[in-house]
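What the coordinates show
These are the residues of each chain, in order.
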Amino acid sequence: MTKPLLAISGLTKAYPGVVANDDVSFEIGEAEVHALLGENGAGKSTLVKMIYGLVKPDSGSMLWQGSAFAPSDPKTARASGVAMVFQHFSLFEALNVAENVALGMENPPPMRDLARRIREVSETYGLPLDPDRTVGDLSAGERQRVEIIRCLLQDPKLLIMDEPTSVLTPQEVEILFETLNKLKAAGTSILYISHKLEEIRKLCDHATILRLGKNVGECVPAETSARDMAELMVGDTLQTPTRSAEKAGEVVLDVADLSLTPSNPFGTSLKNITFDVRAGEILGLGGVAGNGQDELLAALSGEARTPENTLKVNGQSIGKFGPNRRRELGILAAPEERLGHAAAPDMSLTENALLTGRIRENLTSNGFVKWAGATSFAENIIKAFDVRTPGPHVAARALSGGNLQKFVIGREVLQRPTVLIVNQPTWGVDAAAAAAIRQSLMDLAAEGAAIVVISQDLDELMEISDRFGALNEGRLSDIRAAAGLTIDEIGLMMGGAHGMEVAQVQDDAAQGASA
Amino acid sequence: MIRLEKRPMPSRTLPMITPVIAVIITMIAGGALFAVLGKDPIEAIRTIFWDPVFGEFAFYYRPQLLVKAAPLILIAIGLSLGFRAGIWNIGAEGQYIMGAITGAAVGLAFYPTESIFIFPLMVVAAAIGGWAWGMIPAFLKVRFGTNEILVSLMLVYVAQNLLSSMALGLLKNPEGMGFPGSRNIATNASTSSWINEAAGLHWGIVFAFIAVIFAYILLYRHILGFNIQLSGEAPRAARFAGVNPTRLILFCLGVSGALAGMAGLFEVAGPAGQIKIGFNVGYGFTAIIVAFLGRLHPVGIVLAAMLMALTYIGGELAQGTLGLPSAAIQVFQGMLLFFLLALDLLTNYRIAILPRRAF
């Protein structure tokens with residue numbers, strides 16, 4: 001066995017009140033794609049920050065090619081050959097690709113040479129990217145390529161990637177994986193952080209699984225089932241959501257030719273959106289973030305008003321109604337942003353229960369708040385949705401993301417909606433809580449509610465939706481039955497790879513559709 | 001490098017005691033200031049904070065406390081509603097002047113009629129006057145998106161000039177031998193706000209306590225108060241909860257304007273007695289300090305207003321007995337707000353001193 005590139009032994013890092021990493025040890029071999037797998041809060045980010053020199057471990061040690069390695073800052077880590085692509089990009093939108101790359105370099109070469117090198121690297125690794133384009137015009141996938149190329153120009157020995165596929169369409173994921181395979185073939189090791197199990201099974205040679213800061217197991221992903229990995233990750237047997245097939249009822253929500261200019265100048269305009277949802281049906285709406293999801297939710301919840309007859313519920317036009325009139329009619333919504341939109345961070349759960357529960361739970365009389373009623377409604381949500389919190393007096397911000405999400409979804413589900421619109425119902429939620437939330441949505445549909453689930457998690461949408469559509473730049477694709485859709489078809493509905501070569505495919509698809 | 005870092009879990013109890021700490025620091029810093037002015041700091045602080053309540057002439061000063069505190073409470077209660085919702089009415093002083101003018105004008109119009117209906121009518125007129133002055137920034141904000149801070153503040157100067165014009169023109173006392181200023185309305189039972197002048201009791205005090213109770217119920221029992229707090233803490237969540245921001249702006253600026261207007265009337269028809277140039281003494285601005293010092297809580301506002309009233313009275317006393325300049329007491333009040341805001345910042349943020357490093 002050859003010497004590993006990086007050997008980590010006994011790394012421990014504690015923050016006040018929480019041990020982020022507890023005695024973690026593993027090794028990354030030369031030219032190996034190593035997965036770091038774990039739920040939110042399992043300690044993946046802290047671990048890679050220690051490798052990248054952003055965080056100092058409390059104890060433990062690292063060996064880099066056999067010699068001691070303790071980077072004091074990212075600069076030293078980069079000098080040793082560690083490069084990292086962060087989940088959130090740090091790019092200047094007003095500058096072009098080459099300028100952005102130059103800003104991240106210690107000693108940038110002249111612009112012309114740099115542009116040439118960017119072209120070389122992008123061709124070598126199959127990452128189509130024009131160094132002269134302005135970053136502001138690039139899609140999320142292309143921006144990620146800028147970050148990757150910025151790293152590759154340093155000739156790294158270890159490339160760390162933090163949740164790289166969360167912003168990509170399936171086609172863009174394909175391109176990324178080809179690149180990573182080429183890098184591996186060229187001898188670069190990759191530390192790949194994700195919680196998407198199928199990706200890891202496809203790409204990675206080896207996986208280390210973290211739970212609550214501890215290394216709870218290692219496996220060869222290709223030889224381990226996704227379910228086994230998930231259970232290692234969660235530490236529990238996983239309940240797969242189930243639903244009994246029901247015949248869909250009458251059309252409840254009817255959206256016809258809805259166009260909307262957002263109040264926010266950076267928002268996305270909705271363009272001629274048309275769909276309907278029947279009683280007992282779940283419509284899944286996919287799409288990469290920022291393609292009109294927030295705006296669609298605002299239009300459906302009543303935060304944004306729309307012209308007469310563009311929105312109908314059971315035949316009644318509701319476009320001019322505000323959120324509370326819609327709640328009276330049983331149209332409820334759960335926005336994506338938990339803190340600040342779905343819930344007020346500094347207010348208690350009781351107050352947050354009142355926030356949307358006032359009308360349907362009858363929590364006011366003559367405008368006076370029935371606090372006892374609000375408290376018991378909050379307690380009901382906490383109980384029914386297993387929200388882990390000392391009680392309803394706790395401020396919303398004190399809850400973990402998953403628990404607050406259970407509260408936010410539970411608050412709407414318990415109000416017996418006739419139409420429920422949720423945006424990213426399981427974003428940042430651990431697997432067990434996500435399964436519980438999905439199950440509750442399916443149960444709600446089984447009771448006859450019409451449900452719209454907006455999400456960027458395609459696996460989730462395929463699991464729970466009856467029909468599927470995708471948002472792309474404020475337009476909605478055709479709605480198709482979810483059963484039997486291939487990942488390629490879904491990707492095309494989402495707008496393909498936003499790249500040059502795939503534009504071709506898109507055109508073909510458009511021609512195919514018109515033929 | 002020094003940087004402010006947000007505290008992950010700000011203390012919930014600290015905001016309750018910061019006003020007290022701010023007062024103590026103000027006393028220390030104020031004492032130092034007086035020492036630099038060549039006065040004995042201990043004596044100066046005692047004269048301001050102790051003598052008016054417990055000193056030799058306390059029997060005279062104690063009733064004054066409520067007389068000074070009442071307008072501060074009335075105005076601060078109105079401001080606190082807006083401040084909680086993130087609507088910043090800085091021009092209460094202007095609304096206070098306008099209420100005084102309209103209210104006094106109604107009283108003067110009836111001169112020399114005597115009737116118990118005149119005074120209630122004056123109160124209504126004052127409320128409408130203050131409300132209307134508050135509606136100007138409110139309307140401009142909802143219609144054109146102007147900044148209510150600037151508009152309401154600038155309208156204070158308009159109101160001050162209007163006051164001068166009234167004192168010299170329309171409302172000038174015809175029997176005043178040409179001196180600027182209106183007739184004295186405090187001496188006429190039909191138009192006076194005094195209930196018992198010797199005891200320092202006027203209708204403003206009664207209305208101030210009604211306003212406190214009203215605000216308490218509104219904020220903690222009524223959905224409107226919930227919506228006000230929600231709008232201040234999470235505007236997007238408020239919109240999601242169905243709060244109409246336009247209506248909220250009109251309500252908050254309207255109520256604070258009306259309360260400030262009423263405070264103006266009780267002052268002009270009582271302690272001040274007449275419309276005259278410079279009749280306003282900055283209650284509208286001091287009330288901003290009172291609102292924050294009282295943590296925007298109705299009961300806190302009562303306590304803060306009493307404290308500020310004390311600094312007014314004690315300040316005058318110190319001017320007389322120690323020869324402190326009148327500006328010193330304004331500096332003193334300003335320091336109080338400064339220290340309070342600084343402490344508030346430090347409860348939510350901590351100062352981190354970072355080693356200088358190249359990035």
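The structure presented is a predicted model; accordingly, all values stated were derived computationally and were not measured.

Observations regarding the packing of aromatic side chains
To describe a pair of aromatic rings, you give the distance between the ring centres and the angle between the ring planes. For the structure on display, the rule yields 19 aromatic pairs over all chains. Look at Trp371(A) and Phe226(B): their rings are 6.4 Å apart centre to centre, the planes differ by 70°, and that puts the pair in the edge-to-face class. With Trp371(A) in helix 12 (residues 371-384) and Phe226(B) in helix 9 (residues 223-233), this residue pair bridges two chains. Classification of Trp371(A) as partly exposed rests on a relative accessible area of 22%. Residues Trp88(B) and Phe292(B) carry aromatic rings whose centres are separated by 6.3 Å and whose planes lie at 20° to one another, so their mutual orientation is stacked.

Quick look at the sheet that holds strand 15 (residues 316-317) of chain A
All names here are of chain A. The antiparallel open sheet is built from four strands, whose spatial order is 12-11-14-15. The sheet is open, and its two edges are formed by strand 12 (270-278) and strand 15, each paired on a single side. Summarising the sheet, strand 11 (residues 251-260) and strand 14 (residues 311-313) pair through three bridges and their orientation is antiparallel. From the neighbouring strand, Leu 253 faces strand 14, where its bridge partner is Val 313.

Side note on the sheet that holds strand 9 (residues 206-211) of chain A
Residues and elements named next belong to chain A. Taken together, six strands build an open sheet; the order of strands is 6-7-8-3-9-10 and the sheet is mixed. The open sheet has two edge strands with one neighbour each: strand 6 (82-85) and strand 10 (214-219). Between one strand axis and the next, the sheet turns through 20° on average, direction left out of account. Judged from the five bridges that link them, strand 3 (residues 33-37) and strand 8 (residues 189-194) form a sheet pairing that is parallel.

So, the pairing of strand 1 (residues 6-15) of chain A
Residues and elements named next belong to chain A. Counting buried positions over the ten residues of strand 1 gives seven, a clear majority of the element. Pairing analysis gives seven bridges linking strand 1 to strand 2 (residues 18-28), with the strands arranged antiparallel. When the bridges of strand 2 are listed, Ala 7 appears paired with Glu 27.

What to know about the confidence of the model for chain A
The share of residues in chain A with pLDDT of 70 or more is 92%, and the mean pLDDT across the chain is 86. Contacts from residues 497-515 of chain A, a stretch scored under 50 in pLDDT, to residues over four places away or in other chains number 21 contacts.

Let's talk about the nonpolar core
Counting 197 residues, the largest nonpolar core has Phe275(A), Leu296(A) and Ile275(B) as its most contacted members. In terms of residues, this core owes the most to one element, helix 4 (residues 58-85) of chain B, which gives 14 residues. Shared between two domains, this core holds at least three residues of each, these being domain 1 (1-37 + 327-359) and domain 2 (62-324) of chain B. Residues contacting Phe275(A), with those up to four places away along its chain left out, are Leu253(A), Asp254(A), Val255(A), Leu283(A), Leu296(A), Leu300(A), Val452(A), Leu476(A) and Ile479(A). Ile148(A), Leu176(A), Phe177(A) and Val234(A) belong to the second largest nonpolar core, which has 46 residues in total.

Overview of the interface of chain A and chain B
At the junction of the two partners, chain A supplies 31 residues and chain B supplies 18 residues. For the pair chain A and chain B, the summed buried area comes to about 2,200 Å², and 65% of that belongs to carbon and sulfur atoms. Taken together, the links from chain A to chain B amount to zero salt bridges. Seen at the junction of chain A and chain B, the total is eight residue pairs in polar contact (both at pLDDT 80 or more). Elements that contribute at least two residues to the side of chain A that touches chain B include exactly helix 9 (293-301), helix 10 (323-328), helix 11 (349-357) and strand 18 (368-369) of chain A. The element contributing the most residues to the side of chain A that touches chain B is helix 11 of chain A, with four residues. Its residues assigned to classes, the side of chain A that touches chain B shows 15 nonpolar, eight polar and eight charged.

The rules behind these values
- Residues numbered from 1 in each chain as written.
- Chains lettered and ligands numbered in written order.
- Predicted model: local features only at pLDDT ≥ 70, side-chain atom pairs only at ≥ 80, totals over all residues.
- Heavy atoms only, no water.
- Phe/Tyr/Trp six-rings, centres within 6.5 Å; stacked < 30°, edge-to-face > 60°.
- Helix = DSSP H or I, 4+ residues; strand = E, 2+ residues; numbered from the N terminus.
- Buried < 20%, exposed > 50% of the residue type's maximum accessible area, 1.4 Å probe, protein only.
- Pairing = 2+ DSSP bridges.
- Axes fitted to C-alpha atoms, helices over the stretch in contact; angles between N-to-C directions.
- pLDDT = per-residue confidence, 0-100.
- Contact = heavy atoms within 4.5 Å.
- Core = buried A, V, L, I, M, F, W, Y, C linked by side-chain atoms within 4.5 Å.
- Domains from an automatic or database assignment.
- Buried area = accessible area lost by both parts, 1.4 Å probe.
- Salt bridge = Lys/Arg side-chain N within 4 Å of Asp/Glu carboxyl O.
- Polar contact = N/O pair within 3.5 Å; in protein donor to acceptor, adjacent residues only side chain to side chain.
- Nonpolar A, V, L, I, M, F, W, Y, C, P; charged D, E, K, R; others polar.

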